[in-house]
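# Structure assessment
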Amino acid sequence: MKRRNLSQQDLLAAAKTYVPTGKRDEFVVFSSGGQSGQVIVYGIPSMRILKYIGVFTPEPWQGYGYDESSKAILKQGMIDGKDITWGDTHHPAISETQGKYDGQFLFINDKANPRLAVIDLRDFETKQIVVNPIFKSEHGGAFVTPNTDYVIEAAQYAAPLENRKFYPLESFNEAYRGGVTYWKFDRKEGRIQPEQSFSFELPPYSQDLSDAGKGPSDGWAFTNSFCSERYVGGIEKGVPPYEAGCSAKDTDYLHVMNWKKAAELVAAGKAKKINGHNVIPIDVAVKEGILFLVPEAKSPHGVDVTPDGKFMIVAGKLDTHVSVFSFEKIQAAIKAGKFEGKDPYGIPVIGMRDALERQVSLGLGPLHTQFDSKPCIAYTSLYVDSQVAKWNYCDGKVLDKVSVHYNIGHLMTMEGDSMDPQGRYLVALNKLAIDRFVPVGPLHPQNHQLIDISNDKMQLLYDMPFPLGEPHYAVAISANKLKPFIRYQVGTDSRTDKRHPGAVRAGEEKTERKGNRVEVFGTAIRSHFTPETIEAEVGDEVVINITNLERAEDETHGFTVSTYNTHASIEPGKTVTVKFKADKEGVYPFYCTEFCSALHLEMQGYLLVKPKGWKAPAKAAETKGTAYTEADYKNQLKKIADTQAVIDQVVGYITSVNYQDFPDVVAMVEDAQDQLGKIPDAKAKHEAAAQKKDWNQATLWAEQVWQYQVKTADLGLRAKTYLEQNGAKKVK
Ligand code: CUK
Ligand code: CUA
């Protein structure tokens, strides 16, 4: 403590966040990666980063955007025929079953280019991107309905709904519109079904954050708005700016929508098509009684439904209060037909007093609210005050406040937006870090602060610099709810979840030429690719499919070809395709980019791009290399015998225990048997060569036998260590 100038409080905080080596975090966070267009995964309480997931942006490590099937995913996100290689990600959402996180899927939105992505949590890969068919920007997404039937995505800045159609700003009230899209999610397919999705047409009110009802409010959803003034700025013409005109009125509108009934209307053909997409016009929604407005304090931001589904908590940036709206009261007003009027688009407006349960003054700039495992306890971020307020939404009492650093946006408790919050920890997602970290230039990291909420008083535990964009929101799930794969079924295209047409088994590798297309059906296993030489002519299209034959955990191979801007990450069982035009003559090494084994550097080969019509000389030059002697061959045989002794010992141990009870070990043993199975062929070759006194061939094939042995031994030793550490028992 003395040497590092720490307090007792510091040591306590350290003990609460420290996760010893070999131990794992209790919760897993999926954070928006902000402008990086990615998702960042980290653990709680350690705050250790576990993974970046490429979503809207190419991500080289995972080959995302550099192999063919991941390129196809990014292509789904093209807009107006153009690539968009970044995203302004805001709100991740975990799929829910009966209002509780189920750990199956993750959704996230892109505000700038209105899009939504689906990530499968079995492999943490992006599987689909859908482009919003009618919005030009969005913000209030992704939020799921309690059984993940729909994923909500609300517009932000109003614009004409038709694509590529101009209307002057003077026609803002008539031609510009907002809206909310309900994307239909097919859980079995793990994909959004755009044809079955629909949108509400809404007035040009800058719809903002949203949330789905749950429990008693299931079937309904809530979206708030700002700039219901419908103000159009123009600072360059001497008109007051948007910020003035958009905050002039005292109230904006909470939109209350019945999405279940809306889905029925769409099924009954009552939607109209805009850009080929189902849209429920405002007048239809009003007539059918599925759309209402409630005034809310001006310029609100977050709307968060309480875990019991009874209340909607709205926090207004320009008001010190949070408003607790009652779903029951709103329904009573609707039933009684008690409205204070209509908005200019004919939507019934419920009186604010008729919908409010209470208002609670929390502090300056309340934004977002999350919930505790303890009943009625909520936490709200206070942007201007740079604080988190803990309060009780049932009796309106403020219980505690803690300062954060600085200017908090969202905050997040464990599973804190579900029907079953887990309490324990809260993360403050702060917009500014200012003086918290070692300076790294004018662009600072953001600051995620971990707060212990298990006691009456909140305790700040840890600052985590977040170095990749502004993470608006994050969600945290109990780690034990996630059940990701260790390996793929051999030959899987991970982006389609189907068998890859380019997959082959060991021994079936081939290269086919059709016209000017050269297609390789290859494999990767420690420590070589098959084939090792790929021949093409200038101008050929080269397609390389590679299947990773490994079954052992974490045995990923990478693949790249020099200067052809291509890269694949090939996890065990996966098949990946890279494709390019061999448009330049030359010799291009390809190699494995993951340090996968002792002979990883030797996991190499050549792409030979020959000039058109190139002919090999009649007498092929002999490959020169080291010349080996009989003595070298004898040495090899000795090495092989020694290594076999090691293998026998390890095999003796493994088969003496209940290794079959350990699936991870069974996989390693299978991989080892694969390697061993290749030995007879190489052995026959070195023996035949030795017969002919061809010591070069004999020595090299003997070396290959030894390579197979080394990999077998390596796997065997890993299996043995695993068994010893995981309490394997002797069997007779
Ligand atoms: S927003 Cu950033 S602080 Cu996009 Cu949810 Cu509120
Ligand atoms: Cu495979 Cu390095």
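The structure we're discussing is the one just above.
What comes next is a walk through the structure. Since the model is a prediction, treat every value here as computed from it, not as a measurement.

### Regarding the nonpolar core
- In this structure, Tyr182, Phe198, Phe200 and Ile280 are the most contacted members of the largest nonpolar core, which totals 31 residues.
- Elements represented by at least two residues in this core include exactly strand 9 (150–155), strand 10 (178–186), strand 11 (191–202), strand 12 (207–212), strand 14 (251–258), helix 5 (259–267), helix 6 (282–287) and strand 17 (291–297).
- Counting residues per element, this core draws most heavily on helix 5, at five residues.
- Not counting chain neighbours up to four residues away, the residues in contact with Tyr182 comprise Tyr150, Val151, Ile152, Ser197, Phe198, Phe200, Ala221, Met257 and Trp259.

### Some thoughts on the site of ligand 1
- His90, His91, His139, Leu209, His301, His368, Gly409, His410, Lys431 and His472 make up every residue found near ligand 1.
- Looking at the shell around ligand 1, its residues break down into one nonpolar, eight polar and one charged.

### Quick look at the pattern of salt bridges
- A full pass over the atoms with the stated rule returns 46 salt bridges.
- A salt bridge links Arg164 to Asp80, with the shortest nitrogen-to-oxygen separation between them at 2.3 Å. Taken together, the positions of Arg164 in the loop between strand 9 and helix 3 (172–175) and Asp80 in the loop between helix 2 (68–76) and strand 4 (93–97) put the pair 84 residues apart, joining distant regions of the chain. Take Arg164 and Asp80: they sit in the same class, and that class is exposed.
- Notably, a salt bridge pairs Lys610 with Glu535, separated by 2.7 Å at the nearest N-O pair. On the criterion of sequence distance, the pair formed by Lys610 in strand 44 (residues 604–610) and Glu535 in strand 38 (residues 533–537) is long-range, its members being 75 residues apart.
- Counted as one network, the salt bridges with shared partners bring together Arg526, Glu550, Arg551, Glu555, Glu670, Asp671, Asp674, Asp714 and Arg718.

### Comments concerning the state of the cysteines
- A complete count under the given rule lists two disulfides for this structure.
- Cys227 shares a disulfide with Cys246; S-S distance 2.1 Å. Taking the sign of the S-S torsion, about -60 degrees here, the bridge from Cys227 to Cys246 comes out left-handed. Placement of Cys227 in the loop between strand 13 (220–225) and helix 4 (242–245) and of Cys246 in the loop between helix 4 and strand 14 is noted, with a sequence separation of 19 residues between them. Pair check on accessibility: Cys227 and Cys246 agree, each one buried.

### Let's talk about the environment of Ala262
- In this fold, Ala262 is placed in helix 5.
- Between the C-alpha atoms of Ala262 and Ser199, which are 63 residues apart in sequence, the distance is 8.9 Å.
- Ala262 has contacts with Phe198, Phe200, Ile280 and Ile290, leaving out every residue within four places of it along the chain.

### Comments concerning the packing of helix 11 (residues 679–691) against helix 12 (residues 695–725)
- Put simply, helix 11 and helix 12 touch, their axes get as near as 7 Å, and they point 160 degrees apart. When the axes of helix 11 and helix 12 are compared, the pair comes out roughly antiparallel. Of the two elements, helix 11 crosses helix 12, and the hand of that crossing is left-handed. The segment helix 11 lies against helix 12, with Ile679, Ala682, Lys683, Lys685, His686, Ala689 and Ala690 engaging Trp695, Gln697, Ala698, Trp701, Ala702, Val705, Tyr708 and Gln709.

### Focus on helix 7 (residues 327–336)
- Buried within helix 7 are the following residues: Phe327, Ile330, Gln331, Ala333 and Ile334. Axial view of helix 7: buried residues confined to an arc of 160 degrees, hence all on one face. Turned more than 90 degrees from where helix 7 packs its buried face, Glu328, Lys335 and Ala336 sit exposed.
- Elements that come into contact with the buried residues of helix 7 comprise strand 13, strand 14, strand 17, strand 19 (311–316), strand 20 (321–326) and helix 8 (352–355).
- N-capping of helix 7 is provided by Ser326, with a side-chain oxygen placed 3.2 Å from the backbone N of Glu328.
- Positive phi appears at Gly337, one or two residues downstream of helix 7, with a value of about 65 degrees.

### Points about the environment of Trp220
- Tracing the chain through its elements places Trp220 in strand 13.
- The buried category is assigned to Trp220, whose relative accessible area is 10%.
- Measuring from C-alpha to C-alpha, the distance between Trp220 and Phe521 comes to 51 Å, with 301 residues separating the pair along the chain.
- Excluding its chain neighbours within four sequence positions, the residues that come into contact with Trp220 are Ala212, Gly213, Val256, Met257, Asn258, Trp259, Phe292, Phe327, Gln331 and Ile334.

### Remarks on the sheet that holds strand 23 (residues 356–361)
- With antiparallel pairing, the four strands of this open sheet are ordered in space as 18-19-20-23. The open sheet has two edge strands with one neighbour each: strand 18 (300–305) and strand 23. Pairs of neighbouring strands in the sheet enclose a mean axial angle of 20 degrees, with direction left out of account.
- In terms of strand pairing, strand 20 meets strand 23 through five bridges, oriented antiparallel. Looking at the pairing, Ser323 lines up with Gln359 of strand 23.
- Packing of helix 7 onto the sheet brings it into contact with strand 19, strand 20 and strand 23, and relative to strand 20 it is tilted by some 55 degrees.

### Looking at the sheet that holds strand 9
- Ordered in space as 8-9-10-11-16-15, the six strands form an open sheet in which the pairing is mixed. Two strands in the sheet have a free side with no partner beyond their single neighbour: strand 8 (138–144) and strand 15 (272–274). Neighbour-to-neighbour, the strand axes of this sheet turn through a mean angle of 30 degrees, independent of strand direction.
- In terms of strand pairing, strand 11 meets strand 16 (residues 277–280) through three bridges, oriented parallel. By the bridge assignment, Phe198 is partnered in strand 16 with Asn278.
- Across the sheet, helix 5 touches strand 9, strand 10, strand 11 and strand 16, and the angle it forms with strand 11 is around 105 degrees.

### What to know about the pairing of strand 16
- What you see with strand 16 is no split at all: His277 and Val279 on one side and Asn278 and Ile280 on the other are buried throughout.
- As defined by bridge partners, strand 15 adjoins strand 16 across three bridges and the pair is classed as antiparallel. Paired with Lys273 across the two strands is Asn278, which belongs to strand 16.
- Between strand 15 and strand 16, which follow one another and run antiparallel, lie two residues, and Asn275 among them has a positive phi close to 55 degrees.

### Observations concerning the pairing of strand 43 (residues 586–591)
- Note: strand 40 (residues 557–561) against strand 43, two bridges, orientation antiparallel. Bridge pairing in strand 43 places Thr560 opposite Tyr591.
- Pairing geometry for strand 43 and strand 44, over six bridges, is antiparallel. When the sheet's bridge partners are listed, Val587 is paired in strand 44 with Leu608.

### Focus: the side chain of Asp304
- On the secondary structure map, Asp304 appears in strand 18.
- Lys214 provides the closest opposite charge to the buried, unpaired Asp304, separated from it by 7.9 Å.
- Leaving out residues up to four positions away in the same chain, Asp304 has contacts with Asp211, Phe311, Met312, Ile313, His368, Thr369 and Phe371.

Thresholds applied
- Residues numbered from 1 in each chain as written.
- Chains lettered and ligands numbered in written order.
- Predicted model: local features only at pLDDT ≥ 70, side-chain atom pairs only at ≥ 80, totals over all residues.
- Heavy atoms only, no water.
- Core = buried A, V, L, I, M, F, W, Y, C linked by side-chain atoms within 4.5 Å.
- Buried < 20%, exposed > 50% of the residue type's maximum accessible area, 1.4 Å probe, protein only.
- Helix = DSSP H or I, 4+ residues; strand = E, 2+ residues; numbered from the N terminus.
- Contact = heavy atoms within 4.5 Å.
- Near = heavy atom within 4 Å.
- Nonpolar A, V, L, I, M, F, W, Y, C, P; charged D, E, K, R; others polar.
- Salt bridge = Lys/Arg side-chain N within 4 Å of Asp/Glu carboxyl O.
- Disulfide = S-S within 2.5 Å.
- Axes fitted to C-alpha atoms, helices over the stretch in contact; angles between N-to-C directions.
- Parallel < 35°, antiparallel > 145°, perpendicular 65-115°, else oblique.
- Left-handed = near helix turned anticlockwise from the far one by under 90°.
- Arc of directions from axis to C-beta.
- Polar contact = N/O pair within 3.5 Å; in protein donor to acceptor, adjacent residues only side chain to side chain.
- Pairing = 2+ DSSP bridges.
- Lys, Arg positive; Asp, Glu negative; His and termini not counted.

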